[in-house]
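# Descriptive analysis of the structure
So the chains spell out like this:
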Amino acid sequence: MILFLHSRYRTTGGEERAVEDLAWLAREHLGEEVEVLERDSALLGRARAAAGLLRGGLAPDDVGAAVRRTGARVVHAHNLTPTLGWRALAAARAAGARVVLHLHNYRLVCAVGTCVDSRGEDCTRCQGRDTLPGLRLNCRGTGPEAAAYALALAAWQQRLAGAADVIVVPSTAAHARLRELRAPLPAPVYVVGSVVRDVAAAARPPRPDGFALVASRLAREKGVEVAVDASLRAGIPLVVCGDGPRAPALRGHALAAGARLAAAGTDPDALGAGDVLLAGRVDGAALAALRARAGVAVVPTRAAETFGLAAVEAMAAGLPVAASAMGALAELGPGDGVALVAPGDAGALAGAMAAQRADPAAGALALAAAQRLASPGAVAPRLAAAYAAATGA
């Protein structure tokens with residue numbers, strides 16, 4: 001029995017999908033019984049969230065009770081802020097479970113988890129227990145919240161990591177960045193990337209006239225404005241799927257840059273050069289349909305991505321990718337159907353978009369790389385190895 005722990009974000013995104021898909025993988029491919037115990041940050045007021053951070057978690061007995069009720073031998077913990085914390089892991093161990101701590105981001109040290117500062121630049125100023133740079137830069141956006149995170153991370157990061165029997169990271173790049181941040185990593189570290197449930201059986205025909213597609217949470221670190229600028233330079237219409245705090249700013253940026261904003265519901269195949277369609281949040285089926293019609297996927301991130309789920313999901317659909325050479329994405333290359341450019345360079349990204357869209361072999365290369373990196377058959381043995389290491393099996 002595997003008990004998953006996760007605190008959902010106020011704005012849900014890739015980590016929620018990763019947790020759901022890993023639970024599915026453990027159930028369907030490892031034959032495990034799985035239960036997911038979640039808390040939801042969107043339901044918390046700021047005072048209670050701060051209390052959870054500063055105390056190292058609230059109501060840890062709920063986790064211990066869940067371990068005893070289910071007989072879980074492993075607790076697979078994902079995001080633990082603000083109300084689960086190290087106390088949840090301590091309660092799990094006291095109830096007899098082993099703990100796998102899955103670090104999807106850099107929040108052991110970085111208050112925002114992305115290593116991107118308030119200007120949208122890559123940042124490693126916080127190091128180990130020295131979290132004062134995040135407070136000085138007000139990375140959380142409000143003084144009290146920044147202070148709560150700075151204090152809580154400094155106080156509890158070693159107890160949190162120390163409560164794990166095994167630590168899982170999504171990529172070797174994520175592991176390297178955590179070491180650069182001097183994050184405490186006392187347990188054995190295993191690399192287990194996200195799983196993509198549906199990997200295309202065969203390469204699709206290339207779409208040399210297809211639109212460019214961005215699927216992203218609209219946040220500063222995702223760099224979607226750069227994709228808008230690049231699409232205008234390349235003369236390739238752009239479809240942006242996703243929502244988030246930067247949605248109004250993105251709309252304003254596109255208009256100021258001279259883009260024509262297409263009306264909601266516009267057929268993407270009817271878009272022309274200079275057109276940008278802000279499609280908002282779409283469901284999985286609609287996104288899959290868009291990937292089938294697109295010519296190139298664009299991942300213009302400014303962050304040191306720990307995995308690059310948006311890129312790998314596009315690759316799994318046989319869609320070539322133009323992306324920033326950041327984090328785990330920098331581990332990919334032309335042989336994987338991915339063209340990499342410096343983050344923030346709209347001119348280089350425009351060239352990469354055009355070249356990838358025109359390359360008839362790029363989609364097949366992308367599909368082969370996705371099969372190797374993220375198919376259920378590839379990820380399941382890695383997850384099983386982490387569980388076996390935690391339990392000594």
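See above for the structure.
Cut-offs used in this document
- Residues numbered from 1 in each chain as written.
- Predicted model: local features only at pLDDT ≥ 70, side-chain atom pairs only at ≥ 80, totals over all residues.
- Heavy atoms only, no water.
- Helix = DSSP H or I, 4+ residues; strand = E, 2+ residues; numbered from the N terminus.
- Rg over C-alpha atoms; globule rule 2.2 N^0.38 Å.
- Buried < 20%, exposed > 50% of the residue type's maximum accessible area, 1.4 Å probe, protein only.
- Contact = heavy atoms within 4.5 Å.
- Areas by Shrake-Rupley, 256 points an atom, 1.4 Å probe, with all protein chains shown as cover.
- Lys, Arg positive; Asp, Glu negative; His and termini not counted.
- Charge placed at Lys NZ, Arg CZ, Asp CG, Glu CD.
- Disulfide = S-S within 2.5 Å.
- Axes fitted to C-alpha atoms, helices over the stretch in contact; angles between N-to-C directions.
- Parallel < 35°, antiparallel > 145°, perpendicular 65-115°, else oblique.
- Left-handed = near helix turned anticlockwise from the far one by under 90°.
- Nonpolar A, V, L, I, M, F, W, Y, C, P; charged D, E, K, R; others polar.
- Salt bridge = Lys/Arg side-chain N within 4 Å of Asp/Glu carboxyl O.
- Core = buried A, V, L, I, M, F, W, Y, C linked by side-chain atoms within 4.5 Å.

For the rest of this paragraph, the subject is the overall build of the protein. Counting its secondary structure elements, the protein contains 14 helices and 13 strands. A globule of 393 residues ought to have a C-alpha radius of gyration of about 21 Å, and the protein, at 21 Å, matches this closely. Each principal axis of the C-alpha atoms in the protein carries an extent, and together these give about 60 × 45 × 35 Å. Buried positions account for 54% of the 393 residues belonging to the protein. Looking at the protein alone, contacts between residues at least 24 apart form 74% of all its contacts between residues at least 6 apart. A total of about 15,400 Å² of accessible surface is found on the protein, and carbon and sulfur atoms cover 53% of it. The distance from the centre of the 41 positive side-chain charges to the centre of the 35 negative ones in the protein is 6 Å.

Of all the residues in helix α4 (residues 85-94), the buried ones are Gly 85, Trp 86, Ala 88, Leu 89, Ala 91 and Ala 92. Buried residues along α4 sit in contact with β1 (2-8), α2 (46-55), α3 (61-70), β3 (74-77), β4 (98-102) and α6 (143-162). A positive backbone phi angle near 110° is found at Gly 96, which sits one or two residues after α4.

Take the side chain of Ser 194 next. Mapped onto the fold, Ser 194 is located in the loop between β6 (189-191) and β7 (212-215). Residue classification places Ser 194 among the buried positions, given a relative accessible area of 8%. Here Ser 194 is in contact with Ala 18, Phe 307, Leu 309, Ala 374 and Val 379, once residues within four sequence places are set aside.

Moving on, we get to the state of the cysteines. As enumerated under the stated definition, the model contains 0 disulfides in all. Left without a disulfide partner, Cys 126 is nearest to the cysteine sulfur of Cys 123, which lies 6.4 Å away. Under the relative-accessibility criterion, Cys 126 is labelled buried at 11%.

Glancing now at the packing of α2 against α6. Where α2 meets α6, the axes come as close as 8 Å, and the angle between the chain directions of the two elements is 20°. With respect to α6, the element α2 is oriented roughly parallel. For the element pair α2 and α6, the recorded crossing hand is left-handed. Of α6, the residues touching α2 (which contributes Arg 46, Ala 50, Leu 53, Leu 54 and Arg 55) are Glu 145, Ala 148, Tyr 149, Leu 151, Ala 152 and Trp 156. Residue classes in the contact of α2 with α6 are distributed as 8 nonpolar, no polar and 3 charged.

Now for the packing of helix α1 (residues 14-28) against helix α14 (residues 376-391). Where α1 meets α14, the closest approach of the two axes is 10 Å, and the angle between their N-to-C directions is 85°. Taken together, α1 and α14 sit at an angle that is classed as roughly perpendicular. For the pair α1 and α14, contact is made by Leu 22, Trp 24, Leu 25 and Ala 26 and by Pro 376, Val 379, Ala 380, Leu 383 and Tyr 387, respectively. Residues belonging to the contact of α1 with α14 are distributed by class as follows: 9 nonpolar, no polar and no charged.

In total, this model carries 24 salt bridges according to the counting rule given. Here Glu 305 ties to Lys 222 by a salt bridge, and the two come within 3.2 Å at their closest N and O atoms. Highlighted residues: Glu 305 in the loop between β11 (296-299) and α11 (309-316) and Lys 222 in the loop between β7 and α8 (224-234), separated in sequence by 83 residues. Through salt bridges with shared partners, one network takes in Arg 207, Asp 267, Asp 269 and Arg 293.

Attention shifts here to the nonpolar core. Most often, soluble globular proteins keep nonpolar side chains buried together rather than apart. Formed by 44 residues in total, the largest nonpolar core has its most connected members in Leu 5, Leu 80, Leu 89 and Leu 101. Among residues more than four places away in sequence, those in contact with Leu 80 are Leu 5, Gly 85, Leu 89, Leu 101 and Leu 160. Counting 29 residues, the second largest nonpolar core, distinct from the first, contains Leu 277, Leu 287, Ala 294 and Val 299.

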